[in-house]
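# Examining the three-dimensional arrangement
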Amino acid sequence: MNVFLSTQPAAEMWGKNAILSFGDNGATIHINNDNVLTDIQRAARKLRNQGINDTDLEGEGWDLETCWAFYQGFYTAKQNYDLSLPVLDEESHETLLARIICGDFVREIINTPAQHMTPVHLAHEALKFIEHMTQEYAPQSEINARIIEGKALLEENYQGIWTVGKGAKNPPAMLQLDYNPTGNPDAPTFACLVGKGITFDSGGYSIKPTESMVTMRTDMGGAALLTGALGMAIAAGLNQRVKLVLCCAENMVSADAMKLGDIIEYSNGVTVEILNTDAEGRLVLADGLIWADQQNPEMIIDAATLTGAAKRAVGTEYHTILSMDEDLVLDLMESAEEANELFWRLPFAKFHRDQIKSQFADIANTATVSSPAGASTATAFLSYFVKDYPRHWLHIDASATFRAAPTDLWAAGATGIGVQTVANLLLLNQE
């Protein structure tokens, strides 16, 4: 079916303020208000819901952003569609192609069942993707990477990833990747990206109910988001050194799994009491943040599907951000506005750090006060693993990663929201 754009309202027969009408030549999307991109994405979803799987974007008005909005709505996890794009100028075409490649990577890797997307496989797929993007868009750049698997994590003192993953048959893994386009092995690190890669989360002994566990193959959404963002920034000409660390594990129940009351001592000396085995994401991120901090970057960004508290606060339309660095928050919000993606700031203050104190260790992995702000205390936990946590560190609690059911904008499954925003942030102050 041909799909056209029109700034004229639809005939009344199609309903009041209808965004779609049909004729002999195909379908027309009517864009006559201030929410053009949203209406185009919504119209694409309507077409898919009507069983239309093969479309050609025709006529005037199609550009980079309108094509991307249509693609976002037309995509489904089954990928049973055929979409022909209009002729765009070369720069727009290349940008759109990069968005599709990176967005598809993120959505596909999140949608993949945990039986296939194990921790080690996730680390290798992320590395393979960045290698591909570098070869295609920046072949002169250098990539150095390590994947640390299984008991080697314990030997190298990555206590959090090992503790969370040791109860699973599929071993945990950590990807440490250095993307350096400068040609200088001594170049400073501009940014470190730290992603939570829990490929399945049963909750451990603090086991989740079925309805909460059924989508837990998506608990590696932070790792996927940051990998896709780095790939998109590379495609856009990233010229600064960026390091990516993914903290990958399955959180399962077995005789070897972590138990309530266990205490972890991290390589920075911080001890942590386990009060809830379902608060495992922060345990693996701690190792990644310690490693990132040791690289002395200008900024650290971590992303994780970390708390239900954040999702209860903003739903699944927004990602949340928590940071004490006002300039970095403003930069991210500017990057999000440019990408037409929704982010919302939640509070994080020094007093939150006192709300996770433990009687048996330095801190606990959940709040130890009544009526805590869950997203804020989770961020407070992470702050113990960033030396200068009030500056140059931003935490993304990724609430908009996945839709368990379709909406009027998104198919069921992963969304890819946030990839453009983080890519824009990496490129924002680039010389």
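Quick caveat: nothing in here was measured; it's all calculated off a predicted structure.

What counts and how
- Residues numbered from 1 in each chain as written.
- Predicted model: local features only at pLDDT ≥ 70, side-chain atom pairs only at ≥ 80, totals over all residues.
- Heavy atoms only, no water.
- 1 Å grid on protein atoms, 1.4 Å probe; cavity = no way out; pocket = protein on both sides within 12 Å on 5 of 7 lines; lining within 4 Å.
- Points joined across faces, edges and corners; volume = space filled by probe spheres on them.
- Helix = DSSP H or I, 4+ residues; strand = E, 2+ residues; numbered from the N terminus.
- Nonpolar A, V, L, I, M, F, W, Y, C, P; charged D, E, K, R; others polar.
- Core = buried A, V, L, I, M, F, W, Y, C linked by side-chain atoms within 4.5 Å.
- Buried < 20%, exposed > 50% of the residue type's maximum accessible area, 1.4 Å probe, protein only.
- UniProt positions renumbered as here; feature names shortened; annotations may be inferred.
- Contact = heavy atoms within 4.5 Å.
- Phe/Tyr/Trp six-rings, centres within 6.5 Å; stacked < 30°, edge-to-face > 60°.
- Lys NZ or Arg CZ within 6 Å of the ring centre and 35° of its normal.
- Pairing = 2+ DSSP bridges.
- Axes fitted to C-alpha atoms, helices over the stretch in contact; angles between N-to-C directions.

Our focus in this paragraph is the layout of surface pockets. Here the largest pocket defines a volume of roughly 810 Å³. Lining of the largest pocket is provided by 35 residues; of these, Lys208, Thr305, Leu306, Thr307 and Gly308 occupy positions nearest its centre. Sorting elements by how many residues they give to the lining of the largest pocket places helix α10 (residues 308–314) first, with four residues. Of the residues belonging to the lining of the largest pocket, the class tally is nine nonpolar, 14 polar and twelve charged. When its volume is computed, the second largest pocket comes out at roughly 400 Å³. In terms of lining residues, the second largest pocket is bounded by 16 residues, among which Thr95, Arg99, Ala236, Asn424 and Leu427 are the most central. Elements supplying a minimum of two residues to the lining of the second largest pocket: α3 (90–111), α8 (221–235) and α13 (419–428). Classifying every residue of the lining of the second largest pocket gives eight nonpolar, three polar and five charged.

A word on the nonpolar core. Among the nonpolar cores identified, the biggest contains 56 residues, and Leu230, Ile396 and Leu426 are the most heavily contacted of them. Among the elements that line this core, the one with the most residues is α8, at nine residues. With 48 residues, the next largest nonpolar core counts Val164, Ile274, Ile290 and Ile363 among its residues.

The residues that UniProt annotates with the feature "domain: Cytosol aminopeptidase" (unreviewed entry) are residues 276–283. A helix fraction of 38% and a strand fraction of 0% characterise residues 276–283, whose end C-alpha atoms lie 11 Å from each other.

Looking at the element boundaries, Leu177 is found in strand β7 (residues 173–180). What makes Leu177 buried here is its relative accessible area of 0%. Sequence separation between Leu177 and Ile130 is 47 residues; the distance between their C-alpha atoms is 9.1 Å. Apart from the residues lying within four places of it in its own chain, the contact partners of Leu177 are Leu127, Ile130, Ile143, Asn144, Ala145, Leu230, Val242, Lys243 and Leu244.

For the rest of this paragraph, the subject is the packing of aromatic side chains. Throughout the structure, instances matching the rule amount to 14 aromatic pairs. Look at Phe105 and Phe129: their rings are 4.0 Å apart centre to centre, the planes differ by 10°, and that puts the pair in the stacked class. Of this pair, Phe105 sits in helix α3 while Phe129 sits in helix α4 (residues 119–137), and the two are 24 residues apart along the sequence. Phe129 matches Phe105 in its accessibility class, with the two residues each being buried. Three or more aromatic residues joined by ring pairs form one cluster here, namely Trp62, Trp68, Phe70, Tyr71, Phe74, Tyr75 and Tyr81. Seen from the ring of Phe74, Arg48 lies directly overhead, with NZ or CZ sitting 5.0 Å from the centre. Lying across the ring of Tyr384, Arg353 places its NZ or CZ 4.0 Å from the centre.

Let us now look at the sheet that holds strand β9 (residues 242–251). A sheet is described by the order of its strands in space; here eight strands give the open sequence β6-β7-β9-β8-β12-β16-β13-β14, paired in mixed fashion. Unpaired on one side and paired on the other, β6 (142–149) and β14 (343–345) mark the two borders of the sheet. On average, each strand axis in the sheet is inclined to that of its neighbour by 20°, with strand direction left out of account. Sheet topology places strand β12 (residues 299–304) next to strand β16 (residues 393–397); five bridges connect them, and they run parallel. By the bridge assignment for β16, Ala303 is matched with Ile396. In this fold helix α12 (residues 374–383) packs onto β12, β13 (319–322) and β16, with an angle of close to 140° to the strand it touches most, β16.

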